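Fold and contact review
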Amino acid sequence: MEKTEWYLEYENQINRPGLLGDISTLLGMLSINIVTINGVENKRRGMLILSESDENITRLETILKTVDIIKVLKIRKPKLKDRMAVRHGKYIHTDRDDRKTIRFIRNELGILVDFMAELYKQDGHKLIGIRGMPRVGKTESIVASSVCANKRWLFVSSTMIKQTVRNKLIVGEYNSDNIFIIDGVVSKKRANEEHWRLIREIMQLPAVKVVEHPDVFVQSTEYTLDDFDYIIELRSHVDEEITYEAIEEQPFGQNSGFNMFDF
């Protein structure tokens with residue numbers, strides 16, 4: 001019988017030696033294997049486990065709920081954020097009012113790159129927006145994630161090295177395995193109708209599209225923020241406010257102050 005992967009997260013109520021060993025023994029008695037385990041926050045521990053039977057998972061949950069030294073927080077089929085928590089030992093934070101908005105700060109770029117790379121590996125259409133002030137690491141993260149996912153990236157509009165506004169792609173670039181990168185501010189300020197026609201073509205591809213400054217992008221298109229599968233917010237620090245006045249006033253072109261290291 002094929003084994004199914006589950007995510008288990010619990011919080012220590014009494015931090016005593018040997019607790020993890022006791023839980024591991026219980027899992028073994030139920031023929032449940034531990035794939036990965038890590039501390040995820042304070043007294044919490046998360047693990048990916050494998051079981052041949054959903055019934056054994058139900059039995060595990062019932063037993064653990066009778067134990068007073070731990071509190072079971074989650075037993076479920078693993079989501080991407082669960083895998084990231086176990087892999088990095090840290091939660092990915094989502095907006096309380098909008099669960100598809102995910103927040104990172106600059107010292108979490110490693111987690112962000114890993115998270116986006118996993119999104120890139122998924123098949124089909126996916127529209128990802130990324131908000132952040134200039135030089136916080138948006139484009140750097142998008143490109144690094146593409147490399148991590150072994151995907152080719154294409155700039156449809158960008159200021160990474162110099163201003164880029166493309167009006168067409170060559171035949172080989174219409175590939176659903178590519179990552180298409182669009183800068184909403186550049187497209188709004190510098191694009192013509194041919195450029196917007198190209199964007200509409202790209203949007204029809206079963207591929208990943210990443211839009212920097214999605215709030216500005218939707219001002220010039222028929223798309224809305226509801227069309228985005230994920231909105232990523234990247235800040236230099238937790239309390240940084242993302243504003244668009246300074247971004248939209250930023251001059252573009254060779255004298256803009258951007259260079260190949262200012263992502």
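Check the entry above for the structure.
Read on for an overview of the structure. (Residues numbered from 1 in each chain as written. Predicted model: local features only at pLDDT ≥ 70, side-chain atom pairs only at ≥ 80, totals over all residues. Heavy atoms only, no water.)

**Things to note about the overall build of the protein chain**
In terms of helices and strands, the protein chain carries 9 helices and 13 strands. Each of the three principal axes of the protein chain carries a C-alpha extent, and together these read 65 × 40 × 30 Å. For the protein chain, buried positions account for 48% of its 263 residues. Residue pairs in contact within the protein chain that sit at least 24 positions apart in sequence constitute 74% of those at least 6 positions apart. (Helix = DSSP H or I, 4+ residues; strand = E, 2+ residues; numbered from the N terminus. Buried < 20%, exposed > 50% of the residue type's maximum accessible area, 1.4 Å probe, protein only. Contact = heavy atoms within 4.5 Å.)

**Quick look at the nonpolar core**
Grouped together as the largest cluster of nonpolar side chains are 27 residues, with contacts concentrated most on F104, F115, M116, Y120, V210 and I232. The set of elements that each furnish at least two residues to this core consists of α3 (80–88), β6 (101–105), α4 (109–120), β7 (126–131), α5 (138–148), β11 (179–183), β12 (208–212) and β13 (230–235). Broken down by element, the residue count for this core peaks at 8 residues, all from α4. Here M116 is in contact with I142, S145, V210 and I232, once residues within four sequence places are set aside. (Core = buried A, V, L, I, M, F, W, Y, C linked by side-chain atoms within 4.5 Å.)

**Details of the side chain of T139**
Residue placement: T139 occurs in helix α5. A distance of 2.7 Å separates the side chain of T139 from the side chain of E212, its partner in a polar contact. (Polar contact = N/O pair within 3.5 Å; in protein donor to acceptor, adjacent residues only side chain to side chain.)

**Brief notes about helix α2 (residues 54–65)**
Helix length check: α2 (12 residues) gives 17 Å between terminal C-alpha atoms against 16 Å at 1.5 Å per residue, within 8%. The set of residues buried in α2 consists of N56, I57, L60 and L64. Around the axis of α2, the buried residues are gathered within 100° of arc, so they sit on the same side. Opposite the buried face of α2, by more than 90 degrees, sit the exposed residues E55 and K65. (Expected span 1.5 Å × (residues − 1). Arc of directions from axis to C-beta.)

**Description of the sheet that holds β7**
With respect to topology, 7 strands assemble into an open sheet ordered β5-β6-β13-β7-β12-β11-β8, the strand pairing being mixed. Looking at which strands have only one partner, the edges of the open sheet turn out to be β5 (93–94) and β8 (153–155). Where β5 meets β6, 2 bridges bridge the pair, whose relative direction is antiparallel. For T94, the partnering residue across the bridge sits in β6 and is I102. Strand contacts of α5: β7, β8, β11, β12 and β13, with the helix running at about 145° to β8, the strand carrying the most contacts. Strands β7, β11 and β12 of the sheet are contacted by helix α7 (residues 193–203), whose axis makes an angle of about 140° with β11. (Pairing = 2+ DSSP bridges. Axes fitted to C-alpha atoms, helices over the stretch in contact; angles between N-to-C directions.)

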